[in-house]
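# Report on the structure
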Amino acid sequence: MNHDRVHAREPSHHVDRWSVGVVESVGERDGHCVVTVRPVGEAESEGEADGDDGPVELVITFAVRDLFVNRLPTAEGESPVGERVWYRKRGG
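Notes on the structure in this doc start here. Nothing here was measured: the structure is a model prediction, and the numbers come from that model.

On inspection of all chains with the given rule, the structure shows 4 salt bridges. Here D66 makes a salt bridge to R65, at a shortest N to O gap of 2.8 Å. Its relative accessible area of 25% is what places R65 among the partly exposed residues.

Put into structure tokens, the structure is as follows:
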């Protein structure tokens with residue numbers, strides 16, 4: 001199975017291929033981790049919500065989940081919900 005990509009820090013490579021979003025939820029389905037991300041546009045990141053983009057489900061491995069959650073600026077055991085991430089859907 002091909003998995004989506006997610007980073008806790010802004011990528012320095014192929015920056016135009018990545019989207020910015022905020023984590024809405026982290027769950028499990030069919031033995032994979034599912035991260036729901038709400039896309040953030042430029043206007044929204046500057047405080048103006050545009051509200052046009054719906055949530056995006058990213059399917060990743062648990063190892064990738066652990067890696068990106070550990071790199072977020074949260075306390076140990078704290079939920080990643082509300083944190084900014086960079087992501088790419090499979091094939092994107």
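The tally for this structure, following the rule as stated, stands at 0 aromatic pairs. Taking NZ or CZ as reference, R88 lies 5.2 Å from the ring centre of W18, over its face.

Our focus in this paragraph is the nonpolar core. Grouped together as the largest cluster of nonpolar side chains are 14 residues, with contacts concentrated most on V6, V35, L58, F68 and V85. Mapped onto this core, the elements with two or more residues apiece are β3 (32–39), β4 (56–60), α2 (62–71) and β5 (84–88). Setting aside its immediate chain neighbours within four residues, V85 contacts V6, H7, S19, V20, G21, V23, V37, F68 and L72.

Strand order in the open sheet formed by 5 strands is β1-β5-β2-β3-β4, and the pairing between neighbours is antiparallel. The open sheet has two edge strands with one neighbour each: β1 (5–7) and β4. Taken pair by pair, the neighbouring strands of this sheet meet at an average axis angle of 45°, ignoring direction. Of the pairings in the sheet, the one linking strand β2 (residues 19–29) to β5 comprises 4 bridges and is antiparallel in character. Residue pairing in the sheet places V20 in a bridge with W86 of β5.

Calculation criteria
Residues numbered from 1 in each chain as written. Predicted model: local features only at pLDDT ≥ 70, side-chain atom pairs only at ≥ 80, totals over all residues. Heavy atoms only, no water. Salt bridge = Lys/Arg side-chain N within 4 Å of Asp/Glu carboxyl O. Buried < 20%, exposed > 50% of the residue type's maximum accessible area, 1.4 Å probe, protein only. Phe/Tyr/Trp six-rings, centres within 6.5 Å; stacked < 30°, edge-to-face > 60°. Lys NZ or Arg CZ within 6 Å of the ring centre and 35° of its normal. Core = buried A, V, L, I, M, F, W, Y, C linked by side-chain atoms within 4.5 Å. Helix = DSSP H or I, 4+ residues; strand = E, 2+ residues; numbered from the N terminus. Contact = heavy atoms within 4.5 Å. Pairing = 2+ DSSP bridges. Axes fitted to C-alpha atoms, helices over the stretch in contact; angles between N-to-C directions.

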